[in-house]
Amino acid sequence: SLRGAISIAGVGDFIEFDPVVQAPAVITITSPLPPINAGAVTIQGPLSDPPQVIIDGSGATAGSDGLRLESDNNVLLGLWIRNFPGDGVVIEEAANKRLGQQCSPLGLLHETGNGGWGLRISGEAADGNKIGNQRIGTDGSSALGNAAGGLLIEAGADSNQIGDNCNATVWV
């Protein structure tokens, strides 16, 4: 399970979804997922547009966030995080390597329909995050907004890069 994989992930581990699973694969979350706190963990769905791995929080308890990154150098690719009561993705006091595939239309990261922000970056140590090739509040053709807004960078988070040197776009 995704919950089990996150729980036992160690530094540098790679959590990859099988590309031959019937697409799209919907993972329904009913309680908060554990935070990603080992560092340098990659969670990757098959590289496609739209993402074929959907992490759906419509059944999660009130206030639950989708994926919480609480360690440095993590990578999220090829995932669609949707319908969480809280924020879709939270980077808390951590500098992450990248969210969304750099220099490629594949490996998009979508954050849609969440009760809070699509993506929230927060805290003094949340510096140097690279956010590229994402669709926040849209699937590319329809508005699927997040209740609080698309992207929030707050509480001392500095030097975060939105977009990249390859003209990869962040749609908000």
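In short, a report on the structure. (Residues numbered from 1 in each chain as written. Predicted model: local features only at pLDDT ≥ 70, side-chain atom pairs only at ≥ 80, totals over all residues. Heavy atoms only, no water.)

## Focus on the overall build of the protein chain
Okay, step 1: When helices and strands are tallied, the protein chain shows one helix and 16 strands.
Okay, step 2: Computed over its C-alpha atoms, the radius of gyration of the protein chain comes to 14 Å, within 12% of the 16 Å expected for a compact globule of 172 residues.
Okay, step 3: Taking the principal axes of its C-alpha atoms as reference, the protein chain extends roughly 40 × 35 × 30 Å.
Okay, step 4: Looking at the 172 residues of the protein chain, the share that counts as buried comes to 49%.
Okay, step 5: Here the analysis covers contacts within the protein chain between residues at least 6 apart in sequence; of these, 80% occur between residues at least 24 apart.
Okay, step 6: Taken as two groups, the 8 positive and 18 negative side-chain charges of the protein chain have centres that lie 4 Å from each other. (Helix = DSSP H or I, 4+ residues; strand = E, 2+ residues; numbered from the N terminus. Rg over C-alpha atoms; globule rule 2.2 N^0.38 Å. Buried < 20%, exposed > 50% of the residue type's maximum accessible area, 1.4 Å probe, protein only. Contact = heavy atoms within 4.5 Å. Lys, Arg positive; Asp, Glu negative; His and termini not counted. Charge placed at Lys NZ, Arg CZ, Asp CG, Glu CD.)

## Here's the deal with the pairing of strand S7 (residues 79–82)
Okay, step 1: Here four bridges tie strand S4 (residues 53–56) to S7, and the two strands are oriented parallel to one another. In the sheet register, Val 53 faces S7, and the bridge partner there is Leu 79.
Okay, step 2: Bridge count for S7 against strand S10 (residues 109–112) is four bridges, and the pairing is parallel. Among the inter-strand pairings, Arg 82 is bridged to a residue of S10, identified as Thr 112. (Pairing = 2+ DSSP bridges.)

## Observations regarding the environment of Ile 54
Okay, step 1: In this fold, Ile 54 is placed in strand S4.
Okay, step 2: Along the chain, Ile 54 and Ala 23 lie 31 residues apart, while their C-alpha atoms are 9.4 Å from each other.
Okay, step 3: With residues near it in sequence (within four places) discarded, Ile 54 still touches Pro 24, Ala 25, Val 26, Ile 27, Trp 80 and Arg 82.

## Some thoughts on the environment of Ala 40
Okay, step 1: Its place among the elements puts Ala 40 in the loop between strand S2 (25–28) and strand S3 (42–44).
Okay, step 2: On the basis of relative accessibility, which here comes to 27%, the residue Ala 40 falls in the partly exposed class.
Okay, step 3: Spatially, the C-alpha atoms of Ala 40 and Asn 96 are 8.1 Å apart, while their sequence positions differ by 56 residues.
Okay, step 4: What Ala 40 contacts, discounting residues up to four positions off in sequence, is Val 11, Gly 12, Asp 13, Asp 72, Asn 73 and Asn 74.

## Points about the side chain of Thr 138
Okay, step 1: Looking at the element boundaries, Thr 138 is found in the loop between strand S13 (134–136) and strand S14 (149–154).
Okay, step 2: A relative accessible area of 17% places Thr 138 in the buried class.
Okay, step 3: Among the polar contacts listed, one links the side chain of Thr 138 to the backbone nitrogen of Gly 140, at a separation of 3.0 Å.
Okay, step 4: For Thr 138, the side chain forms a polar contact with the main-chain oxygen of Ser 142, separated by 2.9 Å. (Polar contact = N/O pair within 3.5 Å; in protein donor to acceptor, adjacent residues only side chain to side chain.)

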